[in-house]
Amino acid sequence: MKYFVFYIALLFLCFGCSEPSPVPEAEVFEIKNIGELSTTEYTVGKIIKLDDKAEEWYKYGDRKLLINCKAKIKAGVDLSKIKNGDIKISGTTIEITLPPVEITSFSMDPSLIRTEMESVTGLRDRFTQQEKNSFLRQGEEAIKKDMAETGIFKDATDNASAFVTDFYEQLGFENIIIHQTPPSDEK
Amino acid sequence: MKNEYIRLAKNLLVLAAFIIIGVVIYRFFASSESEELTIDTTPIHIESIKTIAEISTVSYRDEVVIDTVEFYKKSSNFYDPEEWVRLFKRNVKRRLTLIVKGEIKYGLDLSKKNYTIRSNADTVWINLPQPKMLDIIISPSRTEIFQEQGDWSDATRRQLEDQAKFKMIENAKTLSLQSKAEENTVRLFKKLIHTKQQLIIQFDENI
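Worth saying up front: this structure is predicted, and the values here are computed from it rather than measured.

**Q** Help me out: how do you make sense of the overall build of chain B in this one?
**A** The helix and strand inventory of chain B stands at four helices and seven strands. Along the chain direction, N to C, the helices and strands of chain B fall in the order α-β-α-β-β-β-β-β-α-α-β. Looking at chain B as a whole, 39% of its 207 residues are labelled buried. Excluding contacts between residues fewer than 6 apart, the proportion of contacts in chain B whose partners are at least 24 apart in sequence is 80%.

**Q** In this structure, what is going on with a nonpolar patch on the surface? I would like to understand it.
**A** Together, Tyr-60 and Leu-123 of chain A together with Tyr-5, Leu-8, Leu-12, Leu-15, Ile-19 and Val-23 of chain B make up a nonpolar patch on the protein surface, roughly 810 Å² of accessible area in all. Residue placement: Leu-8 of chain B occurs in helix H1 (residues 2-30). The exposure class assigned to Leu-8 of chain B is partly exposed, which follows from its relative accessible area of 48%.

**Q** Teacher, can you tell me more about the layout of surface pockets here?
**A** By rolling a water-sized probe across the atoms, one finds the places where empty space is left. By volume, the second largest pocket is sized at about 380 Å³. What lines the second largest pocket is a set of 19 residues, among which Glu-41, Lys-72 and Lys-74 of chain A together with Leu-134 and Asp-135 of chain B lie closest to the centre. Of all elements in the fold, only strand E2 (63-78) and strand E5 (101-107) of chain A together with strand E1 (44-71) and strand E5 (132-137) of chain B reach the threshold of two or more residues within the lining of the second largest pocket. For the lining of the second largest pocket, the element with the highest residue contribution is E5 of chain B, accounting for five residues. Looking at the lining of the second largest pocket, its residues break down into six nonpolar, three polar and ten charged.

**Q** Where do I start with the interface of chain A and chain B in this structure?
**A** How big an interface is tends to be expressed through the accessible area that disappears when the partners come together. The interface of chain A with chain B comprises 90 residues on the first partner and 86 residues on the second. Between chain A and chain B lies a buried interface of about 8200 Å² when both sides are counted; carbon and sulfur atoms form 53% of it. Put simply, chain A and chain B have nine salt bridges between them. Its salt-bridge partner being Lys-132 of chain A, residue Asp-154 of chain B comes within 2.8 Å of it at the nearest N-O pair.

**Q** Got a minute to help me understand the environment of Lys-74 of chain A in this structure?
**A** Mapped onto the elements of the fold, Lys-74 of chain A is located in strand E2. Judged by relative accessible area, Lys-74 of chain A falls into the buried class, the value being 6%. Expressed as a C-alpha distance, the spacing of Lys-74 of chain A and Thr-40 of chain A, which sit 34 residues apart in the sequence, is 5.6 Å. The residues touching Lys-74 of chain A, leaving out its near neighbours within four places in the chain, are Ser-38, Thr-40, Glu-41, Glu-102, Ile-103, Thr-104 and Ser-105 of chain A together with Ile-52, Glu-54, Leu-134 and Asp-135 of chain B. In terms of polar contacts, Lys-74 of chain A uses its side chain to reach the side chain of Asp-135 of chain B, at 2.6 Å.

**Q** Looking at this model, I keep getting lost on the nonpolar core. Mind explaining?
**A** The tendency in soluble globular proteins is for nonpolar side chains to be buried as a group. In this structure, Ile-73, Ile-143 and Tyr-168 of chain A together with Ile-126, Leu-128 and Phe-189 of chain B are the most contacted members of the largest nonpolar core, which totals 58 residues. For this core, the element with the highest residue contribution is helix H3 (residues 152-170) of chain A, accounting for eight residues. Residues contacting Tyr-168 of chain A, with those up to four places away along its chain left out, are Ile-87, Ile-94, Ile-96, Phe-173 and Ile-176 of chain A together with Leu-192 of chain B. Counting residues in hydrophobic clusters, the runner-up holds 19 residues, among them Ile-66, Leu-160, Met-168 and Leu-177 of chain B.

**Q** I tried to follow the side chain of Thr-97 of chain B on my own but got confused; where do I start?
**A** Note that Thr-97 of chain B resides in strand E2 (residues 92-109). Its relative accessible area of 1% is what places Thr-97 of chain B among the buried residues.

**Q** I'm lost on the pairing of strand E4 (residues 123-129) of chain B in this one. Help?
**A** Consecutive residues of a regular strand have side chains that alternate between opposite faces of the sheet. Residue and element names in this part refer to chain B. Of all seven residues in E4, six are buried, a share of seventy percent or more. In sequence, strand E3 (residues 116-119) turns back onto E4 through a hairpin of three residues. Summarising the sheet, E4 and strand E7 (residues 198-204) pair through seven bridges and their orientation is parallel. Following the sheet pairing, Trp-125 is matched in E7 by Ile-200.

**Q** For this particular structure, what's the right way to read the sheet that holds E7 of chain B?
**A** Sheet strands associate in pairs through backbone hydrogen bonding, adopting either a parallel or an antiparallel arrangement. Residues and elements named next belong to chain B. Reading across from one edge, E3-E4-E7 is the order of the three strands in this open sheet, with mixed pairing throughout. Looking at the sheet topology across the chains shown, the edges are occupied by E3 and E7. Neighbouring strand axes in the sheet, compared pairwise and without regard to direction, differ in orientation by 15° on average. Pairing between E3 and E4: four bridges, direction antiparallel. Across the sheet, residue Ser-119 finds its bridge partner in E4, namely Val-124.

Rules behind the numbers
Residues numbered from 1 in each chain as written. Chains lettered and ligands numbered in written order. Predicted model: local features only at pLDDT ≥ 70, side-chain atom pairs only at ≥ 80, totals over all residues. Heavy atoms only, no water. Helix = DSSP H or I, 4+ residues; strand = E, 2+ residues; numbered from the N terminus. Buried < 20%, exposed > 50% of the residue type's maximum accessible area, 1.4 Å probe, protein only. Contact = heavy atoms within 4.5 Å. Patch = residues over 30% accessible without salt bridge, like charges linked within 9 Å, V, L, I, M, F, W, Y side chains within 5 Å. Areas by Shrake-Rupley, 256 points an atom, 1.4 Å probe, with all protein chains shown as cover. Salt bridge = Lys/Arg side-chain N within 4 Å of Asp/Glu carboxyl O. 1 Å grid on protein atoms, 1.4 Å probe; cavity = no way out; pocket = protein on both sides within 12 Å on 5 of 7 lines; lining within 4 Å. Points joined across faces, edges and corners; volume = space filled by probe spheres on them. Nonpolar A, V, L, I, M, F, W, Y, C, P; charged D, E, K, R; others polar. Buried area = accessible area lost by both parts, 1.4 Å probe. Polar contact = N/O pair within 3.5 Å; in protein donor to acceptor, adjacent residues only side chain to side chain. Core = buried A, V, L, I, M, F, W, Y, C linked by side-chain atoms within 4.5 Å. Pairing = 2+ DSSP bridges. Axes fitted to C-alpha atoms, helices over the stretch in contact; angles between N-to-C directions.

Quick look at the structure:
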């Protein structure tokens, strides 16, 4: 019995002295050539609301959470998608077919995310950072879905036409005809 | 009478022990918040709309790991129960590890119409501002909480995410992406301008 206790204590000591698990390394990066023209920037806000009531008999207490977050979204056209046949020139007239407008950038910066209210009662656990990240991901998805209903695509289309017109006017073209491909639901 | 008090005390002690065991079992098994919760539906509100003209020509994607660990203070009291917990946890009191994926875009900001085009019979000159960092894209869907041990505040998490962002920007700066953005801009403009004239594109830092 005495030896048993000794070995158990030794085992704990060995584990106690070992180093904590290593941190995963990430050195992966990718550089890509792109050609996006962003013409509109929207800043949208959303309140992420969660009411986790104790529905099971063995749970006692509630958990409530309100997070205020903001997202910066840019929309425009991908100029690298313009093919050779999309630009036709005849004298001082240019006819150009622009690719469909799309979301070119979506960012939810951590500095624009703020927990407004957090309440945990009874024997419930506190919200972990893992849970909060999951709620923020859901909020991000919801913003992306709702973006189509705002005027971002129309604004981006109008502004892209205005920019391209101005650019070709400066190049000396007198008649600029722009065809806009309707936005797809890809992104 | 004295015996009755002792019996009552014993009963209360047993009752208290049962309650403590019950709470411990509840904390360990029943109260784990493992189920996937869904947020309530709330509307989005537009805070600002801006007309811009940014041409991004280089995209740089990076992944950064940020870790923070708090160790137990050294103690030699082996009879302290907390000391045994320390051994179980390999001396780690709290730990938070994030894997942050992000994207940085370089390109031209022409929002102020800050470019000029001149031409004569043979040549077209285009003066553009120098490419710069236009976007640093980070979002919760690109962030993973790899390890969370102990309680962590939102402020600490935000601090770690800011560190990750800073590291990403520093990594990007070492890759001379500005000159790559210049090369890609020239390529893009040549594609957009179909002309037999000679095309000269210049980048001016004073624009």
